[in-house]
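Coordinates in review
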Amino acid sequence: MKSLEERIRKDGVVIGDDILKVDSFLNHQIDCQLLEDMAKEWHKEFGDAKVDKILTIEASGIAMASFVAKEYGVPLLFAKKAKTRNLAGDVYTTKVVSFTHSTTYDVMVSKKYLNQGENVLIIDDFLANGEALKGLIDLCKQAGANVVGCGVSIEKGFQAGGDTLRKMGYKVVSLARIKAMNSQNGIEFE
Ligand code: 5GP
């Protein structure tokens, strides 16, 4: 998506070789017009696929996923990062290895809100090694929900996640795909 690539070039900050900060328009301060345009683009890309629910992970995915949910006219569900172990058995949980923090954390959704047979479109801000998306896919599997595909704002194509998920058979639509980046030479898109 041209406008997203231009914005990344203009306002994105590359840290080292593999972290991109987009705090000024996606991850902290948010450009709502851009998010609305992105939601329309995903809607176009996923075409006539039946979507009953949008699923993302807190916190950065929530803003963009809410525009997608509005576009489809369906609910948005976000997986919560679990702070305590839930022993009541009323949630689905999975483990995610954090790319940015190099830790593993539990995420969960209530069994009430993810149901068997629902068609779920997963949305997230970044795709690096694919751990966050794999965690969300696992929650859908536990619930017996169908994954329609994954919409990602920024895929770092030089990391393995996108290829792994596509090989697993999932449709992954990235609105900007970065081929290479570093703080000296900037960003190269595919
Ligand atoms: P993955 O699970 O695919 O390895 O990493 C994706 C998750 O890590 C995203 O949910 C995002 O929060 C975070 N992430 C990965 N790479 C970056 C990055 O370059 N910049 C930012 N801001 N977050 C990232």
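For the structure itself, consult the block above.
A few points on the structure. If you're wondering where the values come from, they're calculated on a predicted model, not measured in any experiment.

Moving on to the overall build of the protein chain. Broken down by element type, the protein chain carries 6 helices and 10 strands. Taken over C-alpha atoms, the radius of gyration comes to 16 Å for the protein chain, in line with the 16 Å a tight globule of 190 residues would show. Principal-axis analysis of the C-alpha atoms places the extent of the protein chain at approximately 50 × 35 × 35 Å. For the protein chain, the share of sequence-separated contacts (at least 6 apart) that also reach a separation of at least 24 residues comes to 62%. Of the accessible surface of the protein chain, which amounts to about 9,500 Å², a share of 48% is contributed by carbon and sulfur atoms. Averaging the coordinates of the 25 positive side-chain charges in the protein chain and doing the same for the 26 negative ones gives two points 4 Å apart.

In terms of strand pairing, strand 5 (residues 91–97) meets strand 6 (residues 104–110) through 7 bridges, oriented antiparallel. By the bridge assignment for strand 6, Thr94 is matched with Val107. Once strand 5 ends, the chain turns through 6 residues before running back antiparallel as strand 6, passing Ser102 with a positive phi of about 55°.

Further remarks concern the site of the ligand. Not every one of the 16 residues close to the ligand is listed here, only the nearest: Leu20, Asn129, Gly130, Ala132 and Lys156. Within the backbone of Asn129, a nitrogen or oxygen atom sits 2.8 Å from an oxygen atom of the ligand. For the ligand, a nitrogen atom lies 2.8 Å from a polar atom in the side chain of Lys156. Surface burial for the ligand is 87%, taken as the share of its 510 Å² of free accessible area covered by protein chains. Elements supplying a minimum of two residues to the shell around the ligand: strand 2 (19–21), strand 7 (119–127) and helix 5 (131–143).

With that out of the way, let us pick up the pairing of strand 7. The buried fraction of strand 7 amounts to 9 of the 9 residues, a majority that puts the element mostly inside the structure. Pairing between strand 3 (residues 53–57) and strand 7: 3 bridges, direction parallel. Paired with Leu55 across the two strands is Ile122, which belongs to strand 7. Pairing analysis gives 8 bridges linking strand 7 to strand 8 (residues 146–156), with the strands arranged parallel. Paired with Asn119 across the strands is Asn146, a residue of strand 8. Once the chain exits strand 7 it traverses helix 5 before rejoining the sheet at strand 8, and the crossover so formed is right-handed.

Glancing now at unusual backbone geometry. For the bond running from Glu58 to Ala59, omega is 0°, close enough to zero to count as cis. Position of Ala59 among the secondary structure elements: in the loop between strand 3 and helix 4 (60–72). One non-glycine residue with positive phi stands out, namely Ser102, at about 55°. On the secondary structure map, Ser102 appears in the loop between strand 5 and strand 6. By relative accessible area, which is 64% here, Ser102 ends up exposed.

Below, the discussion takes up helix 5. Under the 1.5 Å per step criterion, the end-to-end length of helix 5 is 19 Å for 13 residues, consistent within 8% with the ideal 18 Å. By the burial criterion, the buried members of helix 5 are Ala132, Leu133, Gly135, Leu136, Ile137, Leu139, Cys140 and Ala143. Positive backbone phi, approximately 80°, marks Gly144, located one or two places after helix 5.

Quick look at the packing of helix 3 (residues 32–45) against helix 4 now. The description of two packed helices rests on the angle between their axes and on the distance between the axes. Contact pair helix 3 / helix 4: the axes reach a minimum separation of 8 Å and the direction vectors enclose 55°. With respect to their mutual orientation, helix 3 and helix 4 come out oblique. Crossing geometry of helix 3 relative to helix 4 is assigned as right-handed. Within the contact between the two elements, helix 3 uses Cys32, Leu35, Glu36, Ala39, Lys40, Trp42 and His43 and helix 4 uses Ala63, Met64, Phe67, Val68, Glu71 and Tyr72. Tallied by class, residues from the contact of helix 3 with helix 4 come to 9 nonpolar, 1 polar and 3 charged.

Rules behind the numbers
Residues numbered from 1 in each chain as written. Predicted model: local features only at pLDDT ≥ 70, side-chain atom pairs only at ≥ 80, totals over all residues. Heavy atoms only, no water. Helix = DSSP H or I, 4+ residues; strand = E, 2+ residues; numbered from the N terminus. Rg over C-alpha atoms; globule rule 2.2 N^0.38 Å. Contact = heavy atoms within 4.5 Å. Areas by Shrake-Rupley, 256 points an atom, 1.4 Å probe, with all protein chains shown as cover. Lys, Arg positive; Asp, Glu negative; His and termini not counted. Charge placed at Lys NZ, Arg CZ, Asp CG, Glu CD. Pairing = 2+ DSSP bridges. Near = heavy atom within 4 Å. Polar contact = N/O pair within 3.5 Å; in protein donor to acceptor, adjacent residues only side chain to side chain. Buried < 20%, exposed > 50% of the residue type's maximum accessible area, 1.4 Å probe, protein only. Right-handed = clockwise from strand over helix to strand, strands pointing away. Expected span 1.5 Å × (residues − 1). Axes fitted to C-alpha atoms, helices over the stretch in contact; angles between N-to-C directions. Parallel < 35°, antiparallel > 145°, perpendicular 65-115°, else oblique. Left-handed = near helix turned anticlockwise from the far one by under 90°. Nonpolar A, V, L, I, M, F, W, Y, C, P; charged D, E, K, R; others polar.

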